[in-house]
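Residue strings, one per chain:
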Amino acid sequence: MKKILTIFYLLTSITVPGQDPNLLVLHNTVKVGINLMDSTEIKGTEFRFFPERVHKTHFDTISGLITVQLRGFTTDKKWLNPTGHIIQYDYINKQKLWNKPINYQIGNLRQFGNFMIYSIEGKSICWNVHKGIYRWDVRNDIYYVDQAEKIGLGYRIRGSKPNTDELQGIDMNNGDILWDRRIFKAFGWNELFYQNDSIVIIVAGGIHSLNIHNGEGWDYHAMTGVYDSKGKNAAKLLGFAGGLLTGTYFTSTGYNVISHLVSNALVDRSHIYLASNEELVKLSSQSGEVVWTFPFPENFGSKSSIFKNDSVLYMVNQGIAYMRYRKLNFGKPFFAAFDVHTGSPKFLSLIDVEDDPILSCEIKNDEIFLLFKHRIAKYSMVSGALLNENEIDQNSYGELIDFIGNQVYSTSMDGKFENLNLPDTTLVYIFTNQQKTLAIDFDLNIKETIPYENLRIQYLITDQFKFFSKGKNTVVLNHDGEKVAEIDVSSDAKLIGNSLYDRRENFLIQVDLEELSK
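Definitions and cut-offs
Residues numbered from 1 in each chain as written. Predicted model: local features only at pLDDT ≥ 70, side-chain atom pairs only at ≥ 80, totals over all residues. Heavy atoms only, no water. Helix = DSSP H or I, 4+ residues; strand = E, 2+ residues; numbered from the N terminus. Buried < 20%, exposed > 50% of the residue type's maximum accessible area, 1.4 Å probe, protein only. Contact = heavy atoms within 4.5 Å. Phe/Tyr/Trp six-rings, centres within 6.5 Å; stacked < 30°, edge-to-face > 60°. Lys NZ or Arg CZ within 6 Å of the ring centre and 35° of its normal. Pairing = 2+ DSSP bridges. Axes fitted to C-alpha atoms, helices over the stretch in contact; angles between N-to-C directions. Core = buried A, V, L, I, M, F, W, Y, C linked by side-chain atoms within 4.5 Å. Salt bridge = Lys/Arg side-chain N within 4 Å of Asp/Glu carboxyl O. Polar contact = N/O pair within 3.5 Å; in protein donor to acceptor, adjacent residues only side chain to side chain.

J.: Help me understand the overall build of the protein chain, please; the structure alone is not making it clear to me.
T.: The helix and strand tally for the protein chain stands at 2 helices and 48 strands. Going through the 518 residues of the protein chain one by one, you find that 52% of them count as buried. Considering only contacts within the protein chain whose residues lie at least 6 apart along the sequence, 47% involve residues at least 24 apart.

J.: Which parts of the structure should I look at to understand the packing of aromatic side chains?
T.: Two aromatic rings, taken as a pair, are described by how far apart their centres are and by the angle between their planes. What the rule picks out here adds up to 27 aromatic pairs. Taking the centre distance of 5.3 Å and the plane angle of 65 degrees together, the rings of Tyr-91 and Tyr-501 count as edge-to-face. Of the two residues, Tyr-91 is situated in the loop between strand E5 (83-90) and strand E6 (95-103) and Tyr-501 in strand E47 (residues 499-503); the sequence distance between them amounts to 410 residues. As far as the burial class goes, Tyr-91 and Tyr-501 line up, both buried. Put simply, the rings of Phe-294, Phe-296, Phe-300, Phe-334 and Phe-338 touch in pairs and so form one group of aromatic residues. The ring of Trp-127 has Lys-100 lying over it, and the distance from NZ or CZ to the ring centre is 3.8 Å. Taking NZ or CZ as reference, Arg-375 lies 3.8 Å from the ring centre of Phe-372, over its face.

J.: Mind showing me how you'd approach the sheet that holds strand E15 (residues 191-194) here?
T.: Two strands in a sheet stick together by hydrogen bonds in their backbones, pointing the same way (parallel) or opposite ways (antiparallel). On the basis of which strands lie adjacent, the open sheet formed by 4 strands has the order E15-E16-E17-E18 and antiparallel pairing. Each edge of the open sheet carries a strand with a single partner, namely E15 and strand E18 (219-221). Going from strand to strand, the sheet's axes swing by 20 degrees on average, the running direction of each strand aside. Bridging between strand E16 (residues 199-203) and strand E17 (residues 206-211) involves 5 bridges; their strand directions are antiparallel. Bridging from a neighbouring strand, Ile-202 pairs with His-208 of E17.

J.: Explain unusual backbone geometry to me, please; I cannot follow it from the model alone.
T.: Negative phi values dominate among residues other than glycine, just as trans dominates among peptide bonds. Phi is positive for His-260, which is not a glycine, with a value near 65 degrees. A positive phi angle is found at Asp-355, which is not glycine, with a value near 50 degrees.

J.: Quick question: what am I supposed to make of the sheet that holds strand E7 (residues 107-112) here?
T.: Strand order in the open sheet made by the 4 strands is E7-E8-E9-E10, with antiparallel pairing throughout. Each of the sheet's edge strands pairs with one partner strand only, and the pair in question is E7 and strand E10 (134-138). In this sheet, neighbouring strand axes are inclined to one another by 25 degrees on average, regardless of whether the strands run parallel or antiparallel.

J.: Whenever I open this one, the pairing of strand E12 (residues 151-156) confuses me. Can you help?
T.: When a strand is regular, its side chains alternate between the sheet's two faces. With 5 of 6 residues buried, E12 lies mostly within the body of the structure. Where strand E11 (residues 140-146) and E12 come together, 6 bridges link them in antiparallel fashion. Bridge pairing links Tyr-144 to Leu-153 in E12. Adjacent in sequence and paired antiparallel, E11 and E12 are bridged by 4 residues, among which Lys-150 carries a positive phi angle near 60 degrees. Bridge count between E12 and strand E13 (residues 166-171): 5 bridges; the pairing is antiparallel. Counterpart to Gly-152 in the pairing with E13 is Ile-170.

J.: What is the right way to read the nonpolar core from this model?
T.: A general tendency of soluble globular proteins is for nonpolar side chains to be buried together. Ranked by internal contacts, the top residues of the largest apolar core, which has 19 residues, are Phe-467, Val-476, Val-489, Leu-500 and Leu-516. Where this core is concerned, the elements lending two or more residues are strand E1 (25-35), strand E42 (455-461), strand E43 (465-470), strand E45 (483-487) and strand E48 (507-512). Excluding its chain neighbours within four sequence positions, the residues that come into contact with Leu-500 are Tyr-459, Leu-460, Phe-467, Ile-487, Val-489, Ala-493, Lys-494, Leu-495, Ile-509, Gln-510, Val-511 and Leu-513.

J.: Help me out: how do you make sense of the pattern of salt bridges in this one?
T.: Charged atoms that come close allow side chains of opposite charge to pair. Taken as a whole and assessed by the stated rule, the structure comprises 13 salt bridges. Where Asp-219 meets Arg-181, a salt bridge forms, and the shortest distance between an N and an O atom there is 2.8 Å. On the criterion of sequence distance, the pair formed by Asp-219 in strand E18 and Arg-181 in strand E14 (residues 177-182) is long-range, its members being 38 residues apart. Overall, the relative accessible area of 33% leaves Asp-219 in the partly exposed class.

J.: Whenever I open this one, the pairing of E45 confuses me. Can you help?
T.: Where E1 meets E45, 3 bridges bridge the pair, whose relative direction is antiparallel. The partner of Asn-35 across the bridge, within E45, is Ala-485. In this sheet, E45 lies alongside strand E44 (residues 473-478) in antiparallel orientation, the contact comprising 4 bridges. Across the sheet, the residue bridging to Thr-474 is Ile-487, located in E45. Turn length for the E44-E45 hairpin, with the two strands adjacent in sequence and antiparallel, is 4 residues, and the turn residue Gly-481 shows positive phi of about 85 degrees.

J.: Just checking my understanding: could you explain the environment of His-58 for this structure?
T.: As for its position among the elements, His-58 is in strand E3 (residues 54-60). With a relative accessible area of 23%, His-58 lands in the partly exposed category. Residues His-58 and Gly-113, 55 residues apart in the sequence, show an inter-C-alpha distance of 8.7 Å. In contact with His-58, not counting residues within four places along its chain, are Leu-65, Ile-66, Thr-67, Gln-111 and Gly-113. There is a polar contact of 3.4 Å between the side chain of His-58 and the backbone oxygen of Gly-113.

J.: It is not clear to me how the environment of Leu-65 should be interpreted in this structure. Could you clarify?
T.: Relative to the helices and strands, Leu-65 resides in strand E4 (residues 65-70). As a C-alpha pair, Leu-65 and Asn-93 span 28 residues in sequence and 9.5 Å in three-dimensional space. Non-local contacts of Leu-65, meaning those with residues more than four positions away in its chain, are made with His-58, Phe-59, Asp-60, Gln-88, Tyr-89, Asp-90, Tyr-91, Leu-97, Val-129 and His-130.

J.: Is there a simple way to think about the environment of Phe-50 in this case?
T.: On the secondary structure map, Phe-50 appears in the loop between strand E2 (41-49) and E3. Residue classification places Phe-50 among the partly exposed positions, given a relative accessible area of 29%. Put simply, Phe-50 and Phe-507 are 457 residues apart on the chain and 8.8 Å apart in space, counted from C-alpha to C-alpha.

Shape descriptors only; they carry no functional weight alone.
Dropping the structure here:
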């Protein structure tokens, strides 16, 4: 029966879709806020998609289309339905172009600009975005598309062996294979960035340079993951990782794979630096030649961050890893510094506390603050010595989560917004799981607790305005700091052209920014 259903969905995915009259898209003008300069209402457009909730959206600014994936809940509201629908909508002319069913258990829809790829039964099927009809298919799982050159990157699928290491270049105009290259992928891709218009750098089981036109390039192999064949690390799981995994293009697929034993790739004018489970390395960015390495003891390295200051390369090894979407304790937390020219260690400060990984770090002057679940510590960036540490009472403040970034603002007594990290450089700010923000001085004492209600996130800046959100509300300021409007959109809103689009449970809101300057 399952095979019959699979064949049915495969057939419907490559034919012209029938238009379901029950899938309606209604639009009407609604009040979305108030202009604070003259107290007039700000109008917007509400797009309602019936009969299901909005699951995902993708805007294509070139074609003026929005792809809406609909997916409702089961009757008891505990689970998402296995099936739903796809609607392609022209948001400029306010017209539904096509719709078709989708089974989320066996199929997956991804978009790269105006390239729409439906993956099912070991195939990537390219659809025409305007009509929803079949263009071509390929036995490949496409993960990335260079939209300018119209070349896709993905791994070849061979029969019952979907996890091959045969990376292929695909002509997105017709699905033809341009080249193939073996790049190990079991531990996932951690980064992809461009070296120039034609060369991309892929961090996946090491570092690989790749010419997208012919697949050529150099390789540096590294252990960015390990296999947990005996399940001995399963007991160290810390729970699900919130949100996306730090810029990962795709995560590992095996249930026994421990991944993310790698740092960010640090690039300067002529070199690339990377830390893995086994070593820290400096490579020539042109040839991939190893300049120097610093080896680690077995299973010492974990998820880490590296950064450079003049001739010193710093490393914060967090002591965590991932098994699919779950975090676990792994490796040894430490803070270290190396000579950037030779790789010689200046210091390595091991944090010898059992199962207490580093959550985040913050640099102030010549000191680095390391954050743990229930404590904060301060180390010298010159000597690596521990300068101070302080336990934070869990009952009073909750678990520590992260340092506050530069996008967080507080409301002052006169109603103005102030960046938390600018007025007082002698404080660091920490967010907890009780939605409290702790202002901590350089002696690691809590000087103030800022309630969540007093904070806003700056998520967008245009030529005229700055946008600050809290929940589903946004306050708009001009560049003189004056409040000009309040609108009912969240920080997830996307700026498309001169309009903001924000997603709700079963509708979208469009706000024309011209409404703010009337």
